[in-house]
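# What the coordinates show
Spelled out from the first residue to the last, the chains are:
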Amino acid sequence: MRNSGRRKARAIVRNMKRAIVFGCAGQLGVELVREFRSRGYEVAAWERAQVDITDAAAVEAAIARFNPDVVLNAAAYNQVDVAESEPAAAFQINALAVRNIALACRQSGARLVHYSTDYVFDGAAGRPYVETDPPHPLGAYAVSKLAGEFYARAYLDDVLIVRTSGVFGPGGLQTARGNFIELMLRLAREGKTIRVVEDHVGSPTYAPALAGRTADLVERGVTGIIHVGGGTAISWFDFARMIFAEAGLEPDLRPTTEREYRTPARRPKYSALSNARMESLGIAPMPPLEAAVRSYLQLRSRMLAS
């Protein structure tokens, strides 16, 4: 009976689906690892120190060795302004490394889920973007992300490209660059006047919800480009105001504009994403943004208290 139990356990392990998460330490990566493990996947969670995705041979060997059913690429160079002075570095990670992963997935037969950005659009439409809208990137970061999409689609027929916007999640507490909520809370603690642009609109996206919708899409076998934004088109000034309201804070918050707050990189003025295609596939809508911010703040409090 004991040997029979061991054989049954080994059979269960062999029958588990396997997933690789590149960029596992980022805000989205930590949630993908958690979500797919909760759904019964055996997950290999890799940072660059473990597998350098810019090294084609290392990527091919790692994917072949683990033999996954699905590979989720949440790794990215996302320093939008810095990319203007080092475009080659952005392209290496956001485009050429995606090519490495796509080629390795084609070799192994694994499905690829790759994350892209609302910044592939120029923001001129003035309404939430749908998947069929033509891209028009405005800077080095955006160009590199669009190139990553092209590489993924060039080598794979069944790739899933998820475009998202302004991701924030509890993992931001443990990353060097944090996220917009952490920036606002830090500025509030400093007691200084906070100026946030009111003429740029996005759809901030809650990482745990994005991970959950990703798993739903994978389990339904969805392919192609799909938008999974936060579901609410909002200016960054109004988002900051929402954050402070949910946190019970009243800092000196004032609106500014692109003209007054110049940055090295051009950004789309209206880059909110429409989730209509996702919802038409039977995937649950994203949670209301206020509820997502409230959940974030609650998780944040628990993490800081532990």
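Residues numbered from 1 in each chain as written. Predicted model: local features only at pLDDT ≥ 70, side-chain atom pairs only at ≥ 80, totals over all residues. Heavy atoms only, no water.

## Section: the packing of helix 4 (residues 87–108) against helix 5 (residues 140–155)
The N-to-C vectors of helix 4 and helix 5 enclose an angle of 15°; their axes lie 8 Å apart at closest approach. The orientation of helix 4 with respect to helix 5, classified from their angle, is roughly parallel. As for how helix 4 packs across helix 5, the hand of that crossing is right-handed. Of helix 5, the residues touching helix 4 (which contributes P87, A90, F91, N94, A95, L96, V98, R99, A102, L103 and R106) are A140, Y141, S144, K145, A147, G148, Y151, A152 and Y155. Class assignment of the residues belonging to the contact of helix 4 with helix 5 gives a composition of 14 nonpolar, three polar and three charged. (Axes fitted to C-alpha atoms, helices over the stretch in contact; angles between N-to-C directions. Helix = DSSP H or I, 4+ residues; strand = E, 2+ residues; numbered from the N terminus. Parallel < 35°, antiparallel > 145°, perpendicular 65-115°, else oblique. Left-handed = near helix turned anticlockwise from the far one by under 90°. Contact = heavy atoms within 4.5 Å. Nonpolar A, V, L, I, M, F, W, Y, C, P; charged D, E, K, R; others polar.)

## Points about the environment of I161
Among the structural elements, I161 can be located in strand 5 (residues 160–164). Spatially, the C-alpha atoms of I161 and Y141 are 17 Å apart, while their sequence positions differ by 20 residues. If we skip the residues at most four places from it in the chain, I161 touches H114, S116, E149, A152, R153, G224, I225 and I226.

## A look at the nonpolar core
Ranked by size, the top nonpolar core spans 50 residues in total, and within it F36, L72, F168, I181, V196, F239 and V293 carry the most contacts. At seven residues, the largest contribution of residues to this core is made by helix 8 (residues 236–247). Excluding anything up to four places from it in sequence, V293 contacts F168, I181, F239, M242, I243 and E246. In terms of nonpolar packing, the next biggest core, distinct from the first, is built from 35 residues, I53, A62, V98 and A265 among them. (Core = buried A, V, L, I, M, F, W, Y, C linked by side-chain atoms within 4.5 Å. Buried < 20%, exposed > 50% of the residue type's maximum accessible area, 1.4 Å probe, protein only.)

## What to know about helix 5
Each full turn of the α-helix corresponds to 3.6 residues, which orients residues three or four apart in the same direction. Here helix 5 contains 16 residues, and its C-alpha end-to-end distance of 23 Å stays within 8% of the 22 Å for a straight helix at 1.5 Å per residue. Every buried residue of helix 5 is accounted for by A140, Y141, A142, S144, K145, L146, A147, G148, E149 and A152. Looking at the packing, one finds that the buried side of helix 5 touches helix 4, strand 4 (111–117), strand 5 and strand 10 (224–227). (Expected span 1.5 Å × (residues − 1).)

## Some words on the pairing of strand 2 (residues 42–46)
Side-chain direction in a regular strand flips from residue to residue, so the side chains alternate between the two faces of the sheet. Here five bridges tie strand 1 (residues 18–22) to strand 2, and the two strands are oriented parallel to one another. Paired with F22 across the two strands is W46, which belongs to strand 2. In this region the chain leaves strand 1, passes through helix 2 (residues 27–38) and returns to the parallel neighbour strand 2; the handedness of that crossover is right-handed. (Pairing = 2+ DSSP bridges. Right-handed = clockwise from strand over helix to strand, strands pointing away.)

## Some remarks on the sheet that holds strand 10
Across the sheet, six strands lie side by side as 2-1-3-4-5-10; this open sheet has parallel pairing. Edge strands, defined here as strands with exactly one partner in the open sheet, are strand 2 and strand 10. Adjacent strand axes in the sheet meet at a mean angle of 20° when their direction is disregarded. Of the pairings in the sheet, the one linking strand 3 (residues 70–73) to strand 4 comprises four bridges and is parallel in character. Across the sheet, the residue bridging to N73 is H114, located in strand 4. On the sheet, helix 2 packs against strand 1, strand 2, strand 3 and strand 4 and is oriented at approximately 165° with respect to strand 2. Strands strand 3, strand 4, strand 5 and strand 10 of the sheet are contacted by helix 7 (residues 207–219), whose axis makes an angle of about 140° with strand 4.

## Considerations on the environment of V71
Assignment of secondary structure puts V71 in strand 3. Take V71: its relative accessible area is 0%, and that puts it in the buried class. For the pair formed by V71 and D55, sequence separation is 16 residues and the distance between their alpha carbons is 16 Å. Setting aside residues up to four positions removed in sequence, V71 forms contacts with I20, F22, I63, I101, C105, A110, R111, L112 and V113.

## Topic: the side chain of R300
In this fold, R300 is placed in helix 10 (residues 289–305). When its relative accessible area of 14% is taken as the criterion, R300 is described as buried. Looking at R300, its side chain comes within polar contact range of the side chain of E182, at 2.7 Å. The residues touching R300, leaving out its near neighbours within four places in the chain, are L173, E182, L185 and R189. (Polar contact = N/O pair within 3.5 Å; in protein donor to acceptor, adjacent residues only side chain to side chain.)

## Focus: the pattern of salt bridges
Close approach of charged atoms allows side chains of opposite charge to pair. Enumeration over the complete set of coordinates arrives at 16 salt bridges. One salt bridge connects D216 with R39, and the closest N-O pair in it is separated by 2.9 Å. Of this pair, D216 sits in helix 7 while R39 sits in the loop between helix 2 and strand 2, and the two are 177 residues apart along the sequence. The shortest N-O distance in the salt bridge between R39 and E219 comes to 3.0 Å. Remark: E219 occurs in helix 7 and R39 occurs in the loop between helix 2 and strand 2; sequence separation between them is 180 residues. Salt bridges sharing partners connect three or more residues here, namely E35, R39, D216 and E219. (Salt bridge = Lys/Arg side-chain N within 4 Å of Asp/Glu carboxyl O.)

Shape descriptors only; they carry no functional weight alone.
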